[in-house]
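Secondary and tertiary structure notes
Given next are the chains, with one letter for each unit.
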Amino acid sequence: MGEVLSQQEIDALLSALSSGDVEADSFLAQEEERKVRQYDFKRAVRFSKDQIRSLTRIHEHFTRMLTTFFSAQLRTYVQFTVNSVEQLPYDEFIHSIPSMTMINLIEAPPLNGRFIIEVNPNISYAMLDRLLGGPGVEIEKVESFTEIEMRILTQLYKRAFAGYGDAWESIAEIKSEMTAVEVNPQFLQLVSPNETVVLVSIGVTIGEVSGTINVCLPFVTIEPVLSKLSSHYWMQEANRRNASGNSKEPLKAQLMNSSVEVVSLLGETTITFGDLLHLEVGDCLTLDQLVKDPLSIMVGENKVFRGQVGVSGKRMAVQVLHRVKEEEQ
């Protein structure tokens, strides 16, 4: 927005124009200059602000999941927060991360191809130190990880990032899986250098150690669900959910035609297994039910009614007396 002038400044400007101290043409020239803006084709803007806001909400959900997971795994104070969400060329992202870092390659169908979750080395080392019984300290510069350290961290990140698809549940059904790990970004050519990517920078705090985790999502990866990353889609989904409430009546009508099993329980008794083996034709079992007492009418496994046995025509029948109270059920 342009700067709003006060009444005093407006009066001074009109006075200068009327006295000839300021030429009106100079203002027109400045206005013409403002209409021309530089555009860098290497930094093509392919995501709208609305889509960026949707991606921010998705990754805020993801950070809450990471906070819960790592707090349990590391048994210490852990906090993940979304610092920024921006779009930039892939080449610029690769040159912005350390030459030795943990680059986790993730596949998440139906998203196309793979994307990157890069964990800063000082964060990786603090997590590793904590897992191996240390206080969770960082070191100045991590030269390399041993095979054992890489194995431990790979298993940790594989479990942590397996839930990435759950953060997208409001957009699409996504199943994420970590497929590979790289440590040198220069050997990783995921997309072309000028391809636009969304970079989600996540701030991480582990005790007194802080760092970043970067989620790099190429445009071609998100393209299958790009149309859903808009407020218009969110509104349509809300309307669809509201409309689904009107479908209760057809479901109720269909439910009314469902068949259920109704059983009249004449009574129960308990005998030993030995008595059961020696039962013969003509033996009598005494039930816990008196003849004059009402019977339990079962619907499924629940006692729903009380009734009395009788005859209807030439068939035995049970007459319903009353409904069983919920506490008796």
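Residues numbered from 1 in each chain as written. Predicted model: local features only at pLDDT ≥ 70, side-chain atom pairs only at ≥ 80, totals over all residues. Heavy atoms only, no water.

Stated formally: UniProt positions are given in the numbering used here, feature names are shortened, and annotations may be inferred rather than shown by experiment.
The name given to the protein in an unreviewed UniProt entry is Flagellar motor switch protein FliM, with the source organism recorded as Exiguobacterium chiriqhucha RW-2. The annotation that UniProt attaches to the protein under Sequence similarities (unreviewed entry) is "Belongs to the FliM family."

1. Details of the sheet that holds strand S5 (residues 196–206)
Put simply, the rule is: Two strands make a pair as long as DSSP finds a minimum of two bridges between them. Counting from the N terminus, the helices are the DSSP runs of H or I reaching at least four residues and the strands are the DSSP runs of E reaching at least two. In this description, a line fitted to the C-alpha atoms serves as the axis of each element, helices being fitted only across the stretch in contact, and the angle between N-to-C directions of two axes falls anywhere from 0 to 180 degrees. Throughout, a residue-residue contact means that at least one pair of heavy atoms, one from each residue, lies within 4.5 Å.
Taken in spatial order, the six strands line up as S1-S5-S6-S3-S2-S4 in an open sheet, and their pairing is antiparallel. With partners counted over all chains shown, the strands left at the sheet margins are strand S1 (78–89) and strand S4 (177–182), one partner each. In this sheet, adjacent strand axes meet at a mean angle of 20 degrees when their direction is disregarded. Looking at chain direction, strand S3 (residues 114–119) and strand S6 (residues 209–218) are connected through four bridges and run antiparallel. Bridge pairing in S6 links Glu-118 to Asn-214. Its contacts with the sheet put helix H5 (residues 121–131) on S1, strand S2 (102–107), S3, S5 and S6, and the angle it makes with S6 is roughly 120 degrees.

2. Quick notes on the pairing of S6
Under the convention used in this document: The classification of residues rests on relative accessible area computed with a 1.4 Å probe and restricted to protein chains. Under 20% of the type maximum is buried, over 50% is exposed, and intermediate values are partly exposed.
Within S6, eight of the ten residues are buried, which leaves the element mostly enclosed by the surrounding structure. In the sheet, S5 pairs with S6 via ten bridges, with the strands oriented antiparallel. The residue of S6 that forms the bridge with Thr-205 is Ser-210. Adjacent in sequence and paired antiparallel, S5 and S6 are bridged by two residues, among which Gly-207 carries a positive phi angle near 65 degrees.

3. Some remarks on the layout of surface pockets
Stated precisely, the cut-off is as follows: The pocket and cavity definitions rest on a 1 Å grid over protein atoms only: a 1.4 Å probe that fits but cannot leave marks a cavity, an open set with protein on both sides within 12 Å along at least five of seven lines marks a pocket, and residues lining either have an atom within 4 Å of a point. Grid points are joined across faces, edges and corners, and a volume is the space filled by probe spheres set on the points. Three classes are used, and their members are as follows: Ala, Val, Leu, Ile, Met, Phe, Trp, Tyr, Cys and Pro are nonpolar, Asp, Glu, Lys and Arg are charged, and the others, Gly among them, are polar.
Approximately 210 Å³ is the volume found for the largest pocket. As for the largest pocket, its lining consists of 14 residues, of which Gln-289, Leu-290, Val-291, Leu-295 and Val-309 are closest to the centre. Taken together, the elements giving at least two residues each to the lining of the largest pocket come down to strand S9 (302–312) and strand S10 (315–323). Examining the composition of the lining of the largest pocket, we find that three residues originate from one element, S9, more than from any other. A class-by-class count of the residues in the lining of the largest pocket yields nine nonpolar, three polar and two charged.

4. What to know about the pattern of salt bridges
The following threshold applies: By convention in these notes, a salt bridge is any Lys or Arg side-chain nitrogen within 4 Å of a carboxyl oxygen on Asp or Glu.
Summed over the entire model, instances satisfying the criterion amount to one salt bridge. Between Asp-50 and Arg-53 there is a salt bridge whose closest N-O contact spans 3.6 Å. One end of the pair, Asp-50, and the other, Arg-53, are both in helix H3 (residues 49–74), three residues apart, so they sit about a helical turn from each other. With a relative accessible area of 47%, Arg-53 lands in the partly exposed category.

5. Section: unusual backbone geometry
Working note: non-glycine residues mostly have negative phi, and peptide bonds are mostly trans. Pro-110 follows Pro-109 through a cis peptide bond whose omega is 10 degrees. Inspection of the secondary structure puts Pro-110 in the loop between S2 and S3. Residues other than glycine seldom take positive phi values, yet Arg-75 does so here, at roughly 55 degrees.

6. Some points on the side chain of Ser-176
For clarity, the cut-off: Here a polar contact is recorded for every N or O atom pair within 3.5 Å, except that within protein the pair must consist of a potential hydrogen donor and a potential acceptor, and residues adjacent in sequence are included only if both atoms are side-chain atoms.
Its place among the elements puts Ser-176 in the loop between helix H6 (147–161) and S4. Classification of Ser-176 as buried rests on a relative accessible area of 11%. A distance of 2.9 Å separates the side chain of Ser-176 from the backbone oxygen of Ala-162, its partner in a polar contact. At 3.4 Å, the side chain of Ser-176 and the backbone nitrogen of Tyr-164 are in polar contact. Those residues in contact with Ser-176 that lie beyond four places of it in its chain are Ile-106, Glu-107, Ala-108, Phe-161, Ala-162, Gly-163, Tyr-164 and Gly-165.

7. Quick notes on the nonpolar core
What counts is decided by this rule: Residues enter a nonpolar core if they are buried and are Ala, Val, Leu, Ile, Met, Phe, Trp, Tyr or Cys, with the set joined through side-chain atoms within 4.5 Å.
Membership of the largest hydrophobic core comes to 52 residues, with the highest contact counts inside it found for Phe-70, Tyr-157, Phe-161, Trp-168 and Ile-222. Looking at this core element by element, the count peaks at eight residues for H3. The next biggest cluster of nonpolar side chains, apart from the first, holds 14 residues, and it includes Leu-105, Leu-188, Leu-199 and Cys-216.

8. Observations concerning the sheet that holds S9
What the four strands build is an open sheet, ordered S7-S8-S9-S10; its pairing is antiparallel. Unpaired on one side and paired on the other, strand S7 (262–265) and S10 mark the two borders of the sheet. Put simply, the sheet's adjacent strands are angled 40 degrees from each other on average, direction ignored. Sheet analysis places strand S8 (residues 295–299) next to S9, joined by five bridges and oriented antiparallel. Within the sheet, the bridge partner assigned to Val-299 lies in S9 and is Asn-302.

9. A few points about the packing of aromatic side chains
For any pair of aromatic rings, the description consists of the separation of the ring centres together with the inter-plane angle of the planes. Rules: In this analysis, rings of Phe, Tyr and Trp, with Trp reduced to its six-membered ring, are considered paired at centre separations within 6.5 Å, and the interplanar angle assigns stacked below 30 degrees, edge-to-face beyond 60, and tilted for intermediate values.
In the structure shown here, the tally under the stated rule is nine aromatic pairs. Ring plane angle 55 degrees and centroid distance 6.4 Å describe the contact between Tyr-164 and Trp-168, whose orientation is recorded as tilted. What makes Trp-168 buried here is its relative accessible area of 0%. Taken together, the aromatic side chains of Phe-62, Phe-115, Tyr-157, Phe-161, Tyr-164 and Trp-168 make up a single cluster linked through ring pairs.

10. Quick word on the pairing of S2
With five of six residues buried, S2 is to be regarded as a mostly interior element. The turn linking S2 back onto S3 is made up of six residues, and Gly-113 within it adopts a positive phi angle of 60 degrees. As paired elements, S2 and S4 share five bridges and run antiparallel to each other. In the sheet register, Ile-106 faces S4, and the bridge partner there is Met-178.

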